[in-house]
Amino acid sequence: MIDIELKKELDNQQEKIINDTNKYLCVSACPGAGKTYTLIKKIENELESLKEYQGIIACSFTKESSKEIKNRLGSKSKKMENCFIGTIDSLVLTLIIKPFLNRYLFERKIIKHRISIDTIVIDSNPKLNDYTRLYDLNDKIRLEANKYINSWFEELKKGIYKISFATYILAEKIVNMKLFYEYFSLRFPTIYIDEAQDLNYFQHKLLTALKEKTNINIVLFGDPNQSIYQFRGARPELFNNLVNSGYELKKITVSVRCHPSILYYANKIFDSSITKNFSSSNVKIIYDINSVFLNTLIGGVFILVETNNKAVEIYEKYKNDFDILYSKPLDKMPNDFNLNRDIVEELIKYFINYDNINDRYKYPVDDLISYLNNIIGVANKKDFIIGQKNFKQFMKEAIRILKLNVSDETIDIMHTKLMDEKYKYYYYITEKNNRIMTIHSSKGLENDNVIIYLSQKFSIDDDFKRKLFVAITRAKKRVYIYYENSFSGKEYINYLIS
């Protein structure tokens, strides 16, 4: 039952943001605060006032989040066809690099003949996370990264586009072209970015260039407490500092998703001075987990762990006595799969869910075509009708049409691995709601019950606290925290849940 006074306060906070007219707006929203609802309503309001040739940009970090924005906006306005909704990586490729690359290279006298981007891959260089994370903080890393940037650019001139931090360096340079910012300012009045706490240094620099060189409005939504991707370069402190760079800061502090005690203990992680606002707590430390306990829980259950090895161990222990899934993406795959992972995984998800037994989870071919067009350009619907094709036939034909460098042997490995339900259920959309997963995998999800299983030995630093915050706030009703004897933060957890 939603508290009426809380709901009134939430509505008030959301309405102020929806109607805010600041050119540069930074919204910090706690878990369960209706962040996506507020974002959608703000976009819908703006669409009504746009000129017929204008649209907005709305993007997030994952295909799933971008799809949710697109689906919730639907076709409520004819101006939607002028909008761009997708991932941040696809935004940079589709709206900045592809249309303006040759003009930029010609102006700089780098090329004499036009080049075309024929191959798009996700760069698997093992040093990329270090380059992205430490470029502006470590002189040695910056020197290494500059060598990488030079080699990346030489590959680009051969038509090979590798998605990495280097794409944002090129995009920033293109944004500084007069031709670009005159066109961009006319066509796109506003850019909305969700999960902005996970922007890295180079993405922040691109936003700064857009802010300084174009007339675009910038609206960012995020929650620094949920930034758990620092190992990939996320810089939540830069999000926090936007208020010093001309952004108006607004907050949504009310959650109607989580039981008050859940939000209290989550916030206590970062602010020990907060006061309790509940009579009974739904957050508990437990000292044993067994199938009897699991089967007494009412509603869905997430068991959140720190590593996939621990997830496998727990799954094997309980799978016969408790209806639970453990799912993970294809791993230990050949390099040609890893280089093309995003597109290949989308093809897998499409094939597996094309005729899902649950109508709401079917994957229409039109959605696949929309995704492919955002990533690689023109894709034809007729080429991706599954019909009577089996998995291998469909994948081989799709990969040939898309000109991906993925071998038949790799497709065979995919097919074999997908026979294993832990891989299949990662891509298959199902209503089964009891799952074991890592804390990182749970971000953006929610369930009635969350069991946090802690076992690692490490220091109680900000990274750990943000992970714990994310884990606790996945729960709507109840949180149970269990730790092994080997866990090094027992005293901290006992202090927190007191």
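Check the entry above for the structure.
Everything numeric in this text was worked out from a predicted model, so none of it was measured.

Here is what the cut-offs are and how they apply
Residues numbered from 1 in each chain as written. Predicted model: local features only at pLDDT ≥ 70, side-chain atom pairs only at ≥ 80, totals over all residues. Heavy atoms only, no water. Pairing = 2+ DSSP bridges. Helix = DSSP H or I, 4+ residues; strand = E, 2+ residues; numbered from the N terminus. Contact = heavy atoms within 4.5 Å. Buried < 20%, exposed > 50% of the residue type's maximum accessible area, 1.4 Å probe, protein only. Salt bridge = Lys/Arg side-chain N within 4 Å of Asp/Glu carboxyl O. Axes fitted to C-alpha atoms, helices over the stretch in contact; angles between N-to-C directions. 1 Å grid on protein atoms, 1.4 Å probe; cavity = no way out; pocket = protein on both sides within 12 Å on 5 of 7 lines; lining within 4 Å. Points joined across faces, edges and corners; volume = space filled by probe spheres on them. Nonpolar A, V, L, I, M, F, W, Y, C, P; charged D, E, K, R; others polar. Right-handed = clockwise from strand over helix to strand, strands pointing away. Phe/Tyr/Trp six-rings, centres within 6.5 Å; stacked < 30°, edge-to-face > 60°. Lys NZ or Arg CZ within 6 Å of the ring centre and 35° of its normal. Polar contact = N/O pair within 3.5 Å; in protein donor to acceptor, adjacent residues only side chain to side chain.

Participant: Help me out: how do you make sense of the pairing of strand S14 (residues 475-483) in this one?
Facilitator: Two faces make up the sheet, and in a regular strand the side chains alternate between them. As judged from the 3 bridges shared by strand S9 (residues 283-285) and S14, these two strands associate in the parallel manner. Within the sheet, the bridge partner assigned to Ile285 lies in S14 and is Ile481.

Participant: Teacher, can you tell me more about the environment of Arg341 here?
Facilitator: Within the secondary structure, Arg341 sits in helix H15 (residues 341-353). C-alpha of Arg341 to C-alpha of Val121: the two residues are 220 residues apart in sequence and 8.2 Å apart in space. When sequence neighbours within four positions are dropped, the list of residues in contact with Arg341 reads Pro329 and Leu330.

Participant: So what exactly am I meant to see when it comes to the environment of Phe322 here?
Facilitator: With respect to the helices and strands, Phe322 occurs in the loop between helix H13 (308-318) and strand S11 (325-326). A relative accessible area of 6% places Phe322 in the buried class. Sequence-wise, Phe322 and Leu339 are 17 residues apart; in three dimensions their C-alpha atoms are separated by 37 Å. Leave out the neighbours within four places in its chain, and Phe322 touches Leu294, Asn295, Val301 and Asn434.

Participant: Any chance you could explain the pattern of salt bridges here in plain terms?
Facilitator: Two side chains of opposite charge can pair, provided their charged atoms sit close to one another. Scanning the model with the defined rule gives 38 salt bridges in all. Note that Asp11 is salt-bridged to Lys7, the shortest N-O span being 2.7 Å. Taken together, the residues span about one helical turn, with Asp11 and Lys7 both in helix H1 (residues 4-18) at a distance of 4 residues. The exposure class assigned to Lys7 is partly exposed, which follows from its relative accessible area of 33%. Here Lys319 makes a salt bridge to Glu316, at a shortest N to O gap of 3.0 Å.

Participant: Looking at this structure, how should I read the sheet that holds strand S1 (residues 24-29)?
Facilitator: Pairing between the strands of a sheet is mediated by backbone hydrogen bonds and can be parallel or antiparallel. Spatially, 6 strands are ordered S3-S2-S6-S7-S1-S8 in an open sheet, and the strand pairing comes out parallel. Strands at the two margins of the open sheet, each flanked by one partner only, are strand S3 (84-87) and strand S8 (248-252). Each adjacent strand pair in this sheet contributes to an overall mean axis angle of 15°, direction not counted. Direction of pairing for S1 relative to S8: parallel, over a ladder of 5 bridges.

Participant: In this structure, what is going on with empty space enclosed by the protein? I would like to understand it.
Facilitator: All chains considered together, the criterion is met by 1 cavity of 30 Å³ or more. When its volume is computed, the largest cavity comes out at roughly 70 Å³. Forming the boundary of the largest cavity are Ile88, Leu91, Ile96, Tyr168, Ile191, Ile193, Leu199, Gln203, Leu206, Leu207 and Leu210. When contributions to the lining of the largest cavity are tallied by element, the ones reaching two or more residues are helix H4 (88-107), strand S6 (190-193) and helix H9 (201-213). Counting residues per element, the lining of the largest cavity draws most heavily on H9, which supplies 4 residues. For the lining of the largest cavity, a count of residues per class yields 10 nonpolar, 1 polar and no charged.

Participant: Help me understand the environment of Pro189, please; the structure alone is not making it clear to me.
Facilitator: Structurally, the position occupied by Pro189 is in the loop between helix H8 (178-187) and S6. When the C-alpha positions of Pro189 and Asp223 are compared, they lie 24 Å apart, and in sequence the two are 34 residues distant. Those residues within four positions of Pro189 in sequence are excluded, and the remaining contacts are Glu46, Leu50, Gln54, Gly55, Asn215, Ile216 and Asn217.

Participant: What's the story with the pairing of strand S13 (residues 447-454) in this structure? I'm lost.
Facilitator: Among the 8 residues that make up S13, 8 are buried, leaving the element largely enclosed by the rest of the structure. With 4 bridges connecting them, strand S10 (residues 301-305) and S13 associate as parallel partners. Residue pairing in the sheet places Leu304 in a bridge with Ile452 of S13. Of the pairings in the sheet, the one linking S13 to S14 comprises 7 bridges and is parallel in character. Among the inter-strand pairings, Asn449 is bridged to a residue of S14, identified as Arg478. In this fold, S13 hands off to helix H21 (residues 462-472), which returns the chain to S14; that crossover is right-handed.

Participant: Please clarify how the sheet that holds S9 should be interpreted in this entry.
Facilitator: Pairing is parallel in the open sheet, where 6 strands are placed in the order S9-S14-S13-S10-S12-S11. Across the chains shown, the open sheet's two edge strands, defined by having one partner strand only, are S9 and S11. Docked against the sheet, H21 engages S10, S13 and S14, running at close to 150° with respect to S13.

Participant: What's the story with the packing of aromatic side chains in this structure? I'm lost.
Facilitator: What characterises a pair of aromatic rings is the spacing of the ring centres plus the angle enclosed by the ring planes. Enumeration according to the criterion identifies 33 aromatic pairs in this entry. Ring plane angle 55° and centroid distance 6.0 Å describe the contact between Tyr265 and Phe278, whose orientation is recorded as tilted. Of the two residues, Tyr265 sits in helix H11 (residues 260-268) while Phe278 sits in the loop between H11 and S9, which places them 13 residues apart along the sequence. Phe278 matches Tyr265 in its accessibility class, with the two residues each being buried. Taken together, a centroid distance of 6.1 Å and an interplanar angle of 45° make the contact between Tyr315 and Tyr326 tilted. On the criterion of sequence distance, the pair formed by Tyr315 in helix H13 and Tyr326 in strand S11 is long-range, its members being 11 residues apart. This pair shows no difference in class: Tyr315 is buried, exactly as Tyr326 is. Put simply, the rings of Tyr131, Tyr135, Tyr148, Phe165, Tyr201 and Phe202 pair up and form one aromatic cluster. In this structure, Lys211 packs its charged tip against the face of Tyr24, placed 4.8 Å from the ring centre.

Participant: Looking at this model, I keep getting lost on the side chain of Asn353. Mind explaining?
Facilitator: When you line up the elements, Asn353 lands in helix H15. A relative accessible area of 0% places Asn353 in the buried class. A distance of 2.9 Å separates a polar side-chain atom of Asn353 from the backbone oxygen of Lys349. A polar side-chain atom of Asn353 sits 2.7 Å from the main-chain carbonyl oxygen of Tyr427. Not counting residues within four places of it along the chain, the set of residues in contact with Asn353 comprises Tyr361, Lys362, Tyr363, Tyr427, Tyr428 and Ile429.

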